Amino acid sequence: MKAHDNIPLTDFIEYSPQEMQQRADDNLALMKRRHTIRSFSDKPVPREVIETCIKTAGLAPSGANHQPWHFVAIHSSDVKKQIREAAEQLERSFYEGRAGDEWLDALKPLGTDAQKPYLEHAPWLIAIFTQKKGGIHAEDKNTNYYVHESVGIATGFLIQSLHNAGLATLTHTPKPMSFLTEICQRDKDNERPYMLLIAGYPADDATVPEHAIVKKSLDEIASFI
Ligand code: IYR
């Protein structure tokens, strides 16, 4: 294909204003039921569901369409155990002072601590990596653009897809995350761990912190001019 070829847009669906409002309302209602949880069941989740959600994440817009992301879907108990051990060690030093008082105060309403049992209990961990170099073909080694923006959008697509499929998630960013490069055996020169997503069914005793339910109103987050 030549550089400037285009194909007709054939899959856009136009809805009436009423249908459009209904669909917007339905999606709002769906997303209102998305909650970050920290207590997961070990109930299995089929690999195909995770594959489909990652395929959806891979449809996100990205700088020059380079798709500067890599998803490592972890099911192996052995790998999960290694991740839990490394993450808990970092979290212990974080909670014992590295975070600083202001950060620790901000986390108090969430009730989090250094214990991360879900890293072993949940059926799937998805480690998301950014790529510095790449391109439209997997083997390309060109500069990638807007990498954080692109991978952030793809991560949003992934969280939305998992929620829509009926799975709960937790975004986890133990600091620093370089241990994920080692454990997942990724190229340390080109890739950086971006986020660890935990996915599965909530445990029977799963809760949502009241703090997390408080969402800013439309007036507080948007202006129309
Ligand atoms: N990574 C730590 C701390 C933490 C930080 C933020 I910002 C949160 O919103 C939640 C937790 C942990 O997972 O406990």
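Residues numbered from 1 in each chain as written. Predicted model: local features only at pLDDT ≥ 70, side-chain atom pairs only at ≥ 80, totals over all residues. Heavy atoms only, no water.

A. Structural context of the overall build of the protein chain. Check the secondary structure of the protein chain and you find nine helices and six strands. For the C-alpha atoms alone, the extent of the protein chain along its principal axes is close to 55 × 45 × 40 Å. Of all intrachain contacts in the protein chain linking residues separated by at least 6 positions in sequence, the fraction that spans at least 24 positions is 80%. Accessible area for the protein chain stands at about 14700 Å²; split by element, carbon and sulfur atoms hold 53% of it. Computed over 25 positive and 31 negative side-chain charges, the inter-centroid distance for the protein chain is 3 Å. (Helix = DSSP H or I, 4+ residues; strand = E, 2+ residues; numbered from the N terminus. Contact = heavy atoms within 4.5 Å. Areas by Shrake-Rupley, 256 points an atom, 1.4 Å probe, with all protein chains shown as cover. Lys, Arg positive; Asp, Glu negative; His and termini not counted. Charge placed at Lys NZ, Arg CZ, Asp CG, Glu CD.)

B. Inspection of unusual backbone geometry at higher detail. In the segment running from Lys175 into Pro176, the intervening peptide bond is cis, with an omega of -10°. Structurally, the position occupied by Pro176 is in the loop between strand E5 (168-172) and helix H7 (179-183). One non-glycine residue with positive phi stands out, namely Asn65, at about 55°. Position of Asn65 among the secondary structure elements: in the loop between helix H2 (47-57) and strand E1 (69-74). Since its relative accessible area comes to 36%, Asn65 is described here as partly exposed. Look at Gln185: it is not a glycine, yet its phi comes out positive at around 55°. Mapped onto the elements of the fold, Gln185 is located in the loop between H7 and strand E6 (191-200). Owing to a relative accessible area of 69%, Gln185 belongs among the exposed residues under this scheme. (Buried < 20%, exposed > 50% of the residue type's maximum accessible area, 1.4 Å probe, protein only.)

C. View of the UniProt feature "domain: Nitroreductase" (unreviewed entry) in the protein chain. Taking the numbering used here, the UniProt-annotated feature "domain: Nitroreductase" (unreviewed entry) corresponds to residues 32-201. Across residues 32-201 one finds 41% helix and 19% strand; the C-alpha atoms that close the span lie 17 Å apart. (UniProt positions renumbered as here; feature names shortened; annotations may be inferred.)

D. Up close: the environment of Ala165. Relative to the assigned elements, Ala165 resides in helix H6 (residues 147-165). In contact with Ala165, not counting residues within four places along its chain, are Val49 and Cys53.

E. Seen up close, the packing of H2 against H6. Contact pair H2 / H6: the axes reach a minimum separation of 8 Å and the direction vectors enclose 145°. Judged by the twist between their axes, the crossing of H2 over H6 is right-handed. Listed contacts from H6 to Val49, Ile50, Cys53, Ile54, Thr56 and Ala57 of H2 are Ala154, Phe157, Leu158, Ser161, Leu162 and Ala165. (Axes fitted to C-alpha atoms, helices over the stretch in contact; angles between N-to-C directions. Left-handed = near helix turned anticlockwise from the far one by under 90°.)

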